[in-house]
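Descriptive structure summary
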Amino acid sequence: MNTDRAGTAAPRGAGDLSLEQKAAKGSVRRNYQRELDQMIRELSAERGKQTDDHSFTGEPTAGGLSVGERTAPTLLLHSCCAPCSSYVLEYLSQYFQITVLYYNPNIYPEEEYFRRVKEQRRLIEEMGAKGVLPNPVRLLEGSFDSRKFYDAVRGLEQIPEGGARCEACFRLRLGEAARAASDGDFDYFTTTLTISPLKNAQKLNEIGEALAGEYQVKWLPCDFKKKNGYKRSVELSAEYGLYRQDYCGCVFSKQERERAKNA
């Protein structure tokens, strides 16, 4: 399917519904991993064609890479934490030039935030040093302003984990990712959040697609827990000795976790 930069479908004939339209009507359940697999196949085929056509000049670009080196599309990857990003980086760096955006103003307390971002930086550096990232990965650390999180979830504080409060948090973080991707002229943006068995991949993709239209940047569909993605992230976390937190991140999830421990 042909799309513009924001992922808007080309005109279709009457009665020719897109996969997204069919999903909205409840006639099909979308498989986001399958959609990602298809996108990767198409991107890989296009890259192969460009290489065969010798269409790159090797001229320097603003990012310091030659045009020839920029055959891989750019991806702004929002990361919730190093463990969740481990498998995603291993997987997607084969196909994209990735910039990891660590923007998580929901994290509580403040020292927990800095502990997590330190692990994110270390993971990227160590994976790069081991040569397991086929394309370079950069880190972009967002600002830490917890007031933005509390403003976003005001009135939802007592909603259980996984409900409307989490959705508001998703919108906040993915909104910043979409803005950064648009401002940075990235080809795509997405998030590591779908790797968690506790996160609603459908809701995350719906939010991402809505933001893609708003910011005119393509959303990369994902459900990274599929294909044993979550299992692989656990293995990589052990391999790199990563700190694995036992709560999602915000004060409310921390309180829920502590109540569950004491029950």
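In every chain, residue numbers begin from 1 and rise along the written sequence. Given that the model is predicted, a residue must reach a pLDDT of at least 70 before its local features are reported, and side-chain atom pairs must reach 80 or more before they are shown or counted; all residues, however, enter totals for whole chains, interfaces and linings. The basis for the side-chain values is all heavy atoms of the structure; hydrogens and waters are excluded.

Here the focus is the overall build of the protein chain. Starting at the N terminus, helices and strands are each numbered in turn, a helix being any DSSP run of H or I of at least four residues and a strand any DSSP run of E of at least two. Assigned secondary structure in the protein chain consists of nine helices and five strands. In the protein chain, the succession of helices and strands from N to C terminus is α-α-β-α-β-α-β-α-α-β-α-β-α-α. Between buried and exposed lies partly exposed: a residue is buried under 20% and exposed over 50% of the maximum accessible area for its type, with that area taken using a 1.4 Å probe on protein chains only. Taking all 263 residues of the protein chain together, the buried fraction comes to 44%. For this analysis, residues touch if any pair of their heavy atoms sits within 4.5 Å. Long-range pairs, those at least 24 residues apart, make up 72% of the contacts in the protein chain with a sequence separation of at least 6.

Values of pLDDT, which run from 0 to 100, indicate the predictor's confidence residue by residue. Chain-level pLDDT for the protein chain is 87 on average; 81% of the residues reach the 70-or-more range. Low pLDDT, under 50, characterises residues 1-15; the stretch is placed with 23 contacts to residues that sit more than four places away or in other chains. Below pLDDT 50 for its whole length, residues 54-69 participates in 22 contacts with residues either more than four positions away or in separate chains.

Bringing empty space enclosed by the protein into the picture now. For each structure, a 1 Å grid was placed over the protein atoms alone; sets of points admitting a 1.4 Å probe that cannot get out are labelled cavities, open sets with protein on both sides within 12 Å along at least five of seven lines are labelled pockets, and lining residues have an atom within 4 Å of a point. Grid points are joined across faces, edges and corners, and a volume is the space filled by probe spheres set on the points. The tally for this structure, following the rule as stated, stands at one cavity of 30 Å³ or more. In this structure, the largest cavity occupies an estimated 80 Å³ of space. Sorting elements by how many residues they give to the lining of the largest cavity places helix α6 (residues 164-183) first, with five residues. Only Asp, Glu, Lys and Arg are considered charged, only Ala, Val, Leu, Ile, Met, Phe, Trp, Tyr, Cys and Pro nonpolar, and every remaining residue, Gly among them, polar. Taken together, the residues of the lining of the largest cavity sort by class into six nonpolar, three polar and four charged.

Volume-wise, the second largest pocket comes out at about 710 Å³. In this structure, the second largest pocket is lined by 31 residues; those nearest its centre are Ser-196, Leu-198, Lys-199, Tyr-247 and Cys-248. Those elements giving two or more residues to the lining of the second largest pocket turn out to be α3 (82-92), α6 and α9 (251-262). With four residues, the top contributor of residues to the lining of the second largest pocket is α6.

Turning our eyes to something else, we now look at helix α4 (residues 110-129). To estimate the expected span of a helix, count its residues, drop one, and scale the result by 1.5 Å. The end-to-end C-alpha distance of α4 is 29 Å, a good match for the 28 Å that 20 residues give at a rise of 1.5 Å each. Packing partners of the buried residues in α4 comprise α3, β2 (97-102), β3 (137-141) and α8 (229-240).

This part covers the environment of Val-117. You can see Val-117 is positioned in helix α4. For Val-117, a relative accessible area of 3% gives the class buried. C-alpha of Val-117 to C-alpha of Glu-141: the two residues are 24 residues apart in sequence and 7.9 Å apart in space. Discounting chain neighbours no more than four positions away, the residues touching Val-117 are Tyr-102 and Glu-141.

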